[in-house]
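A look at the structure
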Amino acid sequence: MSAAAPSSPHDVIVIGAGHNGLVCAATLARAGRSVLVLEAAERVGGLAVTREFAPGFRVSAGAHLLHQMPAALIAELGLPEHGLRLAGRALPSTALSEDGRPLALGERAALDACSAADARAWPAFEARLGRFAGLLQGLLALPPPRLGTASWSDRRALGTLALRLRLLGRRDMREFLRIIGMNAYDLLDDEFGTPLLKGALGLDAVLGTNFGPRAPGTVLTLLYRLAATRAAGSAALAQPVGGMGAVSEALANAARHAGATIRTGAAVKRIEVSNDRASGVVLESGETLGARRVISNADARTTFLRLLGPEHLDTGFVRRVDHYRSRGLAAKFHLALERAPVFTGVGRHALGGRLLVAPSLDYVERAWNHSKYGEWSRAPALEITVPTLNDPALAPAGRHVLSAIVQYAPYAPEGGWAGERAGFAAAIRAVLEAHAPGIGALILAEELLTPADLEREFGATGGHWHHGELAFDQFYMVRPVPGAAQHQTPVAGLYLCGASCHPGGGVMGIAGRNAARRVLAEAA
Ligand SMILES: Cc1cc2nc3c(=O)[nH]c(=O)nc-3n(C[C@H](O)[C@H](O)[C@H](O)COP(=O)(O)OP(=O)(O)OC[C@H]3O[C@@H](n4cnc5c(N)ncnc54)[C@H](O)[C@@H]3O)c2cc1C
């Protein structure tokens, strides 16, 4: 229903101060737009925050590593001048093994010690995947084209996509088309013999998704991760001083410095529509705020079904949003430790990086099996960091924090999480104990965040890493759904800028920047 338009003191209201909302706000403010950011939580950052989980112990409660934000974006927004410092960069990745012989990933000599054949095969494999990731990297930075329009910019974007593919050359193009729909399991199994290597790459392919490595499309998710990491350049696999919340704080500083206003504790209840155009928002408090454009950092389901309301959309579109898959399967597990843990065979340098519990592709696939039936993994796959090794200020002197991403935890296990939580936490501790004997005795406090907890605390539907599955049917030109895939929506003046959009989740900021550019191009 159209109402009288509230007065519009702002060019743009951004709903949500997740990192994408902040990048969007900073980009628009730097271009001279007056921007108001409204964040429901009491702090900025969304899933990129640092907070206390036990007295004196702080942790990056959602994302825990910075590895996808393009170096160019960091420089463009001047994040170092706005307070971003890195406690560690180019962190090592290590595949843990219960036999005490972990594999340092990316180190030729280490792989050679496992398998000379794999060490010989690795450089060509890495180079080939690098070329394919390069193709995707070019697509990340641009809003995807719309299909079937007469617009020259859409045609140009489609032409660019075809050209990039063609420029791979005949052999690579064929190979790219052969593998892009494949599953990571088959690809890795064809190439290598070392279970630790394959397991670690398989976990990278499925981190944050609702897939095991045997699921079709997991080569795409692996390449996607590689593409974003390539774009990050020198900022890849980094740990910010003060945790991931420091990235969000620096973004907020950049946005404020450019003139944006950020209000926290300001939950939006409804998007206002006047004369078939988004004209502002109503807060939970009842306050009404007008703007010429509204950009939502909230996920697609929240934006369309809860904040806008189906009455402003046609039924086909509502059905597509309703079917948008967004139940997360990644949990977070935090430990406050009396002292630094000792992982068998892992030295100080490796302990300061990323430790992976994915000893084989079958291990990861079996971990996934449970989740198909709404159960948590009995032997979960983990990505572990000990952030206090690089940034001791996150814990009291001499104490340490362990932060782990845990797969797989269903959003809603049968019987609910209340009865399942203790069992899942015990299973995670058992996996940790197998790789770091004695760690259990060091635990002072722990916190488990299931996808349902992540949804409750951070507001992302399903607690999903990407605000919605990154799968072929929810990808690129059709992400999140046809009719809203280029940051625009069926309602004039309303846009999306969060992880629901192309290119999906991860602390990249690209969705936020692309949405801002779309708005600026339109308004020009
Ligand atoms: C367990 C887990 C681990 C992860 N680990 C990593 C990692 O190590 N590295 C990495 O790069 N990525 C990681 N990710 C992914 C990454 O955290 C997210 O993809 C990314 O933070 C999403 O950013 P966003 O700005 O799009 O959305 P969000 O961070 O979800 O921000 C959306 C914001 O909108 C606000 N909002 C929603 N509704 C309203 C409303 N009605 N009114 C006002 N405000 C509202 C929310 O409060 C929130 O602040 C992880 C994700 C998960 C779940």
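Structural data are supplied above this passage.
The structure displayed is predicted, hence computed values, not measured ones. (Residues numbered from 1 in each chain as written. Predicted model: local features only at pLDDT ≥ 70, side-chain atom pairs only at ≥ 80, totals over all residues. Heavy atoms only, no water.)

So, the pairing of strand β15 (residues 381–385)
- Of all the five residues making up β15, five are buried; the element is thus mostly covered by neighbouring parts of the structure.
- The side-chain alternation of β15 yields two buried faces, one formed by Ala381, Glu383 and Thr385 and the other by Leu382 and Ile384.
- In this sheet, β15 lies alongside strand β14 (residues 354–357) in antiparallel orientation, the contact comprising three bridges. Directly across from Val357, in β15, lies its bridge partner Leu382.
- Here β15 runs beside strand β16 (residues 400–407); their pairing, made up of five bridges, is antiparallel. When the sheet's bridge partners are listed, Leu382 is paired in β16 with Val406. (Buried < 20%, exposed > 50% of the residue type's maximum accessible area, 1.4 Å probe, protein only. Helix = DSSP H or I, 4+ residues; strand = E, 2+ residues; numbered from the N terminus. Pairing = 2+ DSSP bridges.)

Let's talk about the site of the ligand
- The local shell around the ligand holds 34 residues, among which Glu39, Leu47, Trp465, Gly506 and Val507 are the closest.
- The separation between an oxygen atom of the ligand and a polar side-chain atom of Glu39 is 2.6 Å.
- Within the contact set of the ligand, an oxygen atom lies 3.2 Å away from a side-chain nitrogen or oxygen of Asn297.
- Coverage of the ligand by the protein chains reaches 97% of its 1,000 Å² of free accessible surface.
- Residue assignment for the shell around the ligand shows that the elements contributing at least two residues are α1 (19–30) and α16 (451–458).
- Looking at the shell around the ligand residue by residue, the class counts come to 17 nonpolar, 15 polar and two charged. (Near = heavy atom within 4 Å. Polar contact = N/O pair within 3.5 Å; in protein donor to acceptor, adjacent residues only side chain to side chain. Areas by Shrake-Rupley, 256 points an atom, 1.4 Å probe, with all protein chains shown as cover. Nonpolar A, V, L, I, M, F, W, Y, C, P; charged D, E, K, R; others polar.)

Topic: the packing of aromatic side chains
- Taken as a whole and assessed by the stated rule, the structure comprises 11 aromatic pairs.
- Geometrically, the ring pair formed by Phe125 and Phe192 is edge-to-face, given 4.9 Å between the ring centres and 85° between the ring planes. On the criterion of sequence distance, the pair formed by Phe125 in helix α4 (residues 116–140) and Phe192 in the loop between α7 (184–191) and α8 (195–206) is long-range, its members being 67 residues apart.
- Relative accessible area serves as the criterion here: at 4%, Phe192 is assigned to the buried category.
- Measuring from ring centre to ring centre gives 6.3 Å for Phe472 and Phe475, while their planes differ by 75°; the resulting arrangement is edge-to-face.
- Each residue in the set Tyr224, Phe472, Phe475 and Tyr476 is aromatic and connected to the rest through ring pairs, giving one cluster.
- Over the aromatic face of Trp152 sits the side chain of Arg155, whose NZ or CZ is 4.8 Å from the ring centroid.
- In this structure, Arg378 packs its charged tip against the face of Trp376, placed 3.7 Å from the ring centre. (Phe/Tyr/Trp six-rings, centres within 6.5 Å; stacked < 30°, edge-to-face > 60°. Lys NZ or Arg CZ within 6 Å of the ring centre and 35° of its normal.)

Describing the sheet that holds β15
- If you trace the seven strands from one edge of the open sheet to the other, you get β7-β6-β14-β15-β16-β13-β17, paired in mixed fashion. Single-partner strands in this sheet number two, and they are β7 (103–104) and β17 (443–449).
- Across the face of the sheet, α8 comes into contact with β6 (93–95), β7, β14, β15 and β16 while running at roughly 100° to β14. (Contact = heavy atoms within 4.5 Å. Axes fitted to C-alpha atoms, helices over the stretch in contact; angles between N-to-C directions.)

Side note on the nonpolar core
- Judged by nonpolar contacts, the single largest core of 92 residues is most densely connected at Phe333, Phe343, Ile384, Leu402, Phe424 and Leu432.
- Among the elements that line this core, the one with the most residues is α4, at 10 residues.
- If we ignore the near neighbours within four places in the chain, the residues touching Ile384 are Leu96, Phe343, Gly353, Arg354, Leu355, Val357, Leu402, Ser403, Ala404 and Leu432.
- Formed by 40 residues, the second largest nonpolar core is a distinct cluster that contains Val23, Ala26, Ile74 and Val519. (Core = buried A, V, L, I, M, F, W, Y, C linked by side-chain atoms within 4.5 Å.)

A closer look at the side chain of Ser248
- Following the sequence through the fold, Ser248 ends up in helix α10 (residues 245–257).
- A distance of 2.6 Å separates the side chain of Ser248 from the backbone oxygen of Ala48, its partner in a polar contact.
- Sequence-distant contacts of Ser248, that is, excluding residues within four places in its chain, are made with Leu22, Val44, Gly45 and Ala48.

Observations concerning the layout of surface pockets
- Size it by volume and the second largest pocket reaches roughly 780 Å³.
- It is α4 that contributes the most residues to the lining of the second largest pocket, six residues altogether.
- Residues of the lining of the second largest pocket, tallied by class, amount to 15 nonpolar, five polar and six charged. (1 Å grid on protein atoms, 1.4 Å probe; cavity = no way out; pocket = protein on both sides within 12 Å on 5 of 7 lines; lining within 4 Å. Points joined across faces, edges and corners; volume = space filled by probe spheres on them.)

Some details on the environment of Trp368
- In this fold, Trp368 is placed in helix α14 (residues 361–372).
- Residue classification places Trp368 among the buried positions, given a relative accessible area of 13%.
- Residues in contact with Trp368, not counting those within four places in the same chain, are Asn210, Phe211, Gly212, Ala215, Leu329 and Tyr408.

Comments concerning the pairing of strand β2 (residues 35–38)
- Both faces of β2 are covered, namely the face carrying Val35 and Val37 and the face carrying Leu36 and Leu38.
- Between the parallel pair strand β1 (residues 10–15) and β2, the chain is carried across by α1, and the sense of this crossover is right-handed. (Right-handed = clockwise from strand over helix to strand, strands pointing away.)

So, the pattern of salt bridges
- Following the criterion strictly, the structure yields 26 salt bridges and no others.
- One salt bridge connects Arg128 with Glu175, and the closest N-O pair in it is separated by 2.8 Å. Of this pair, Arg128 sits in helix α4 while Glu175 sits in helix α6 (residues 170–179); the two residues are 47 residues apart in sequence, bridging distant segments of the chain. One exposure class covers both Arg128 and Glu175, and it is buried. (Salt bridge = Lys/Arg side-chain N within 4 Å of Asp/Glu carboxyl O.)

Some words on the side chain of Thr302
- Its place among the elements puts Thr302 in helix α11 (residues 300–308).
- Accessibility expressed as a relative area gives 7% for Thr302, which makes it buried.
- Among the polar contacts listed, one links the side chain of Thr302 to the side chain of Asp299, at a separation of 2.8 Å.
- For Thr302, the side chain forms a polar contact with the side chain of Thr461, separated by 3.0 Å.
- Among all residues touching Thr302, those that are not within four sequence positions of it are Leu307, Gly459 and Thr461.

Comments concerning helix α9 (residues 218–232)
- The end-to-end C-alpha distance of α9 is 21 Å, a good match for the 21 Å that 15 residues give at a rise of 1.5 Å each.
- Among the 15 residues in α9, 12 count as buried, and that is most of the element.
- What α9 keeps buried is the set Thr218, Val219, Leu220, Thr221, Leu222, Leu223, Tyr224, Arg225, Ala227, Ala228, Ala231 and Ala232.
- The first or second residue beyond α9 is Gly233, which carries a positive phi of 55°. (Expected span 1.5 Å × (residues − 1).)

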